[in-house]
Amino acid sequence: TGSLSALDAGAGAGTNGTLTLCTTSGVVDLFTALGGDPDPGGTWTAPGGAGCDATFDPATDPAGVYTYTVPCAPSPCTPPSATVTVTVNTPPNAGSSATTSVCSNAGAFDLFTRLGGTPDTGGAWTGPGAIPVPSTFTPGTSSPGVYTYTVLGVPPCASASATVTVTVVNAPDPGTGASFTVCSNATSFALSSRLGGTPQPGGTWVGPGGAHGPTFVPGTDVAGTYTYTVAGTAPCAAASASLVIAIQAAPNAGTNASTTVCSTDASFGLFSIL
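Residues numbered from 1 in each chain as written. Predicted model: local features only at pLDDT ≥ 70, side-chain atom pairs only at ≥ 80, totals over all residues. Heavy atoms only, no water.

Points about the overall build of the chain
When helices and strands are counted, the chain shows 1 helix and 21 strands. Whereas a compact globule of 274 residues would reach a radius of gyration of roughly 19 Å, the chain reaches 44 Å, over 25% beyond that. Based on the C-alpha atoms only, the size of the chain along its principal axes is roughly 170 × 30 × 25 Å. For the chain, buried positions account for 27% of its 274 residues. Sequence-distant contacts in the chain: of pairs separated by 6 or more residues, those separated by 24 or more amount to 59%. In the form shown here, the chain has an accessible surface area of approximately 15,300 Å², with 56% of it arising from carbon and sulfur atoms. (Helix = DSSP H or I, 4+ residues; strand = E, 2+ residues; numbered from the N terminus. Rg over C-alpha atoms; globule rule 2.2 N^0.38 Å. Buried < 20%, exposed > 50% of the residue type's maximum accessible area, 1.4 Å probe, protein only. Contact = heavy atoms within 4.5 Å. Areas by Shrake-Rupley, 256 points an atom, 1.4 Å probe, with all protein chains shown as cover.)

Concerning the state of the cysteines
Going through the model one piece at a time under the given rule, you end up with 3 disulfides. Across the disulfide from Cys-22 sits Cys-157; the S-S distance is 2.1 Å. Disulfide Cys-22-Cys-157: torsion about the S-S bond near 110°, hence right-handed. Of the two residues, Cys-22 sits in strand E1 (residues 17-22) while Cys-157 sits in the loop between strand E13 (145-151) and strand E14 (160-169), which places them 135 residues apart along the sequence. Across the pair, exposure class does not vary: Cys-22 and Cys-157 are buried alike. Shown here is the disulfide that connects Cys-72 with Cys-77, its sulfur atoms set 1.9 Å apart. A torsion of -120° about the S-S bond marks the disulfide between Cys-72 and Cys-77 as left-handed. Residue classification places Cys-77 among the partly exposed residues on the basis of a relative accessible area of 24%. Disulfide partners in the chain, listed by the sequence order of the bonded cysteines, are 1-5, 2-3, 4-6. (Disulfide = S-S within 2.5 Å.)

Considering the pairing of E14
Two elements, strand E8 (residues 98-103) and E14, share 6 bridges in a ladder whose sense is parallel. Looking at E14, one finds that Thr-99 is bridged to Thr-165. Taken together, the 7 bridges between E13 and E14 define a ladder with antiparallel strand orientation. What sits directly across from Val-146, in E14, is Thr-165. (Pairing = 2+ DSSP bridges.)

Brief notes about the side chain of Thr-100
Here Thr-100 lies in strand E8. Overall, Thr-100 belongs to the buried group, its relative accessible area being 14%. Among the polar contacts listed, one links the side chain of Thr-100 to the side chain of Arg-114, at a separation of 2.7 Å. Other than its neighbours up to four places away in sequence, Thr-100 contacts Arg-114, Val-164, Thr-165, Val-166 and Thr-167. (Polar contact = N/O pair within 3.5 Å; in protein donor to acceptor, adjacent residues only side chain to side chain.)

Describing the environment of Asn-256
Relative to the elements of secondary structure, Asn-256 occurs in the segment after strand E21 (239-248). A C-alpha to C-alpha distance of 8.8 Å links Asn-256 and Ile-273, two positions 17 residues apart in sequence.

As for the sheet that holds E1
The 5 strands are arranged E1-E7-E6-E3-E4 in an open sheet whose pairing can be described as mixed. Each edge of the open sheet is held by one strand with a lone partner, namely E1 and strand E4 (51-52). Pairing between strand E6 (residues 64-69) and strand E7 (residues 81-89): 6 bridges, direction antiparallel. By the bridge assignment for E7, Thr-67 is matched with Thr-83.

Quick word on the sheet that holds E13
Ordered by their spatial adjacency, 5 strands build an open sheet running E8-E14-E13-E10-E11, and the pairing between neighbours is mixed. Only two strands of the sheet have a single partner each, and these edge strands are E8 and strand E11 (131-133). On average, each strand axis in the sheet is tilted by 30° relative to the strand beside it, whichever way the strands run. Judged from the 3 bridges that link them, strand E10 (residues 124-127) and E11 form a sheet pairing that is antiparallel. When the sheet's bridge partners are listed, Thr-126 is paired in E11 with Pro-132. (Axes fitted to C-alpha atoms, helices over the stretch in contact; angles between N-to-C directions.)

Here's the deal with the pairing of E10
For a regular strand, side chains alternate in direction, first toward one face of the sheet and then toward the other. Burial along E10 is one-sided: the residues Trp-125 and Gly-127 are buried and none of Ala-124 and Thr-126 is. Two elements, E10 and E13, share 3 bridges in a ladder whose sense is antiparallel. Across the sheet, the residue bridging to Ala-124 is Thr-150, located in E13. The turn linking E10 back onto E11 is made up of 3 residues, and Gly-129 within it adopts a positive phi angle of 85°.

Given below as structure tokens:
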């Protein structure tokens, strides 16, 4: 009996330890986090003093100080104890990957707003080729492709990433409008030849009287606004440019004529002979 009491009095709970986990880590045996050479067979208490077992599940168990106590004898031996301070870190959330299609003439936007889910703020973006980029995408300037958002994790939680794949659709180009005057006896011309810029083919014309062909015939067509419209490919809207055409009446000299007069005739106005 004396030998047993001496053995119990020398029981040890090991030394204090720490344990840092991620909520996605697996179940851990708290006993393995104790330092020194703890004796088995002790009991565990959770933060707040409630009894618990040595199994810690970071997905459900609270973080805090867990105490391991080894019984000893005889009285008044104080049961030795040691603690394991558990820290549980939450893994980062980069949201969910998404795709978006924008028009080349659309306004700049924040890539972060195109992510799905509820991503954490404070991450970093890389663009095509893994080049660091700001979160702002400017259609017509920024390169289309895959943009990756990464949020660093606090160890042992791994970092998290999600992507936004951006497709840029070229906006339709109807050219630029103009205003000009033509003579009523001028030759016919293609309306598109009077547009500025680089209008793309395939559009439609509307004149003062409604739908109009691609050719303007002075002396037949009326003055007014002629609008050229090129359809857009979603998400681009259609685009238009207008020609404002004025018509100047050509001068009229009449037609040639001939007359025979006698040298003794009175003078007369030539205009009346035309």
